[in-house]
Amino acid sequence: MKFASPLIRGRLVKRYKRFLADVTLEDGTTITCTCPNTGSMLGLTAPGSVIWMSESDSPSRKYRHTWEMIENDPGSGPTLVGINTSHPNKLVTEAIEAGRIAPLKGYSSLKREQKYGANSRIDILLEDAKKGRAYVEIKNVHLMRNAGIAEFPDSVTERGAKHLGELAEMARAGHRAVMLFLIQRGDASKVSLAGDIDPGYAVAFKAAAAAGVEALAYRCRLTPDEIVIDRKIPIRAPG
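Quick look at the structure, then. (Residues numbered from 1 in each chain as written. Predicted model: local features only at pLDDT ≥ 70, side-chain atom pairs only at ≥ 80, totals over all residues. Heavy atoms only, no water.)

1. Some details on the environment of Lys206
Quick reminder of the rule: We count a stretch as a helix when DSSP gives it H or I for four or more residues in a row; a strand needs E for two or more, and each element gets its number in order from the N terminus.
The topology assignment puts Lys206 in helix α3 (residues 199–211). As for Lys206 and Ala237, which are separated by 31 residues in sequence, their C-alpha atoms are 8.4 Å apart.

2. Some details on the pattern of salt bridges
Close approach of charged atoms allows side chains with opposite charge to pair. Short version of the rule: Any carboxyl oxygen of Asp or Glu that lies within 4 Å of a side-chain nitrogen of Lys or Arg is treated as forming a salt bridge with it. Note on exposure labels: buried denotes an accessible area under 20% of the residue type's maximum, exposed denotes more than 50%, and partly exposed covers the range between, all computed with a 1.4 Å probe on protein chains only.
Applying the stated criterion to the full structure yields 13 salt bridges. Glu55 is paired through a salt bridge with Arg64; the nearest N and O atoms lie 1.8 Å apart. With a relative accessible area of 36%, Glu55 lands in the partly exposed category. On the accessibility criterion, Arg64 (46% relative accessible area) is partly exposed. Overlapping salt bridges bring together Lys111, Glu127 and Arg133 as one network.

3. Observations concerning α3
Here is the rule we go by: In a helix, the anticipated span is given by 1.5 Å times the number of residues less one. What makes two residues a contact is simply this: any of their non-hydrogen atoms within 4.5 Å. Identification of polar contacts relies on pairs of N or O atoms within 3.5 Å, with a donor-acceptor requirement for protein atoms, meaning one able to donate a hydrogen and the other able to accept it, and with residues adjacent in sequence counted only if both atoms are side-chain atoms.
Its 13 residues place the ends of α3 19 Å apart at the C-alpha level, agreeing with the 18 Å of an ideal helix rising 1.5 Å per residue. Restricting attention to buried positions, one finds in α3 the residues Tyr201, Ala202, Ala204, Phe205, Ala208 and Ala211. Each element contacted by the buried residues of α3 is listed here: β9 (132–141), β11 (149–152), α2 (158–172), β12 (176–183), β13 (190–193) and β14 (214–222). For α3, the capping residue at the N-terminal end is Asp198, with a side-chain oxygen 3.1 Å from the backbone nitrogen of Gly200. Just downstream of α3 lies Gly212, where phi reads positive at about 110°.

4. As for the side chain of Asn140
Examined against the element boundaries, Asn140 turns out to sit in strand β9. Residue Asn140 is classed as buried on the basis of its relative accessible area, which comes to 14%. Only 2.7 Å separates the side chain of Asn140 from the side chain of Gln184, close enough to count as a polar contact. Setting aside anything within four residues of it in sequence, one finds Asn140 in contact with Gly82, Thr85, Pro88, Phe152, Leu182 and Gln184.

5. Some thoughts on the sheet that holds strand β10 (residues 143–146)
Two strands in a sheet stick together by hydrogen bonds in their backbones, pointing the same way (parallel) or opposite ways (antiparallel). This is how it is decided: A pair of strands is considered paired only if DSSP assigns at least 2 bridges between the two.
Within the open sheet, the 4 strands sit side by side as β10-β11-β13-β16. Their pairing is mixed. Of all the strands in the sheet, just β10 and β16 (235–236) have a single pairing partner and so form its edges. Across 4 bridges, β11 lies against β13 in parallel orientation. For Ala150, the partnering residue across the bridge sits in β13 and is Val191.

6. Some remarks on the sheet that holds β9
Threshold: Axis lines are fitted to C-alpha atoms, over the contacting stretch for helices. Their N-to-C directions set the angle, which ranges from 0 to 180 degrees.
Spatial ordering of the open sheet is given by β7-β8-β9-β12-β14-β15, a layout of 6 strands whose pairing is mixed. Among the strands making up the open sheet, the edge pair consists of β7 (109–116) and β15 (227–232). When the angles between neighbouring strand axes are averaged without regard to direction, this sheet yields 35°. Relative to β9, strand β8 (residues 120–128) runs antiparallel, the two being bridged by 5 bridges. Opposite Glu127, over in β9, you have Arg133 as the bridge partner. Contacting β7, β8, β9, β12, β14 and β15, helix α1 (residues 88–97) crosses the sheet at an angle of about 145° to β7.

Right under this line is the structure:
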């Protein structure tokens, strides 16, 4: 996924009201940008951090800039981390259509945001006359507390546990159900469930796996020009 133009560099002053952040640009100007992430962003909101923003020229936008990435160093050197949670579905769709996610190749149809389960929408529905249906739920991952190990979630997510339960129902009904963790940082060698942050999600993950839900994890490569899914990485199962 290429950005329409290279991202703009600045330094974070503070994030507030979840959806807003004040940023100092390189010329010393301070602006307010939108923060497209409703989560806690644990470890990714330190004042003074270098962040990268896209810019819109839409006259309807109250804030022209959107926070896209932050430079983060969990101990192995600084890396770019994508915080925009609206990108993962597009990134995974692009990768599936390009044949770069091998376990999800071979389906004749791909649809996004399809209704299913208990008043929910599945991120991607794959269909094929021979292969049947595959329900793919995507979760954005950006937390890293120990070098090399990405973690999900970064806060309690009852909604995430609900999605696992609905995937389990699809698996029990005979369909393929896939939980795909998309790591928007290039320094992860594996991903783990943060059971200390949300024990309920870890329990729901185990139950979903027992019901036949598959789990995949893919890492991204990020630059101020683009974000591209890099490679598959292993998932460390909860204890």
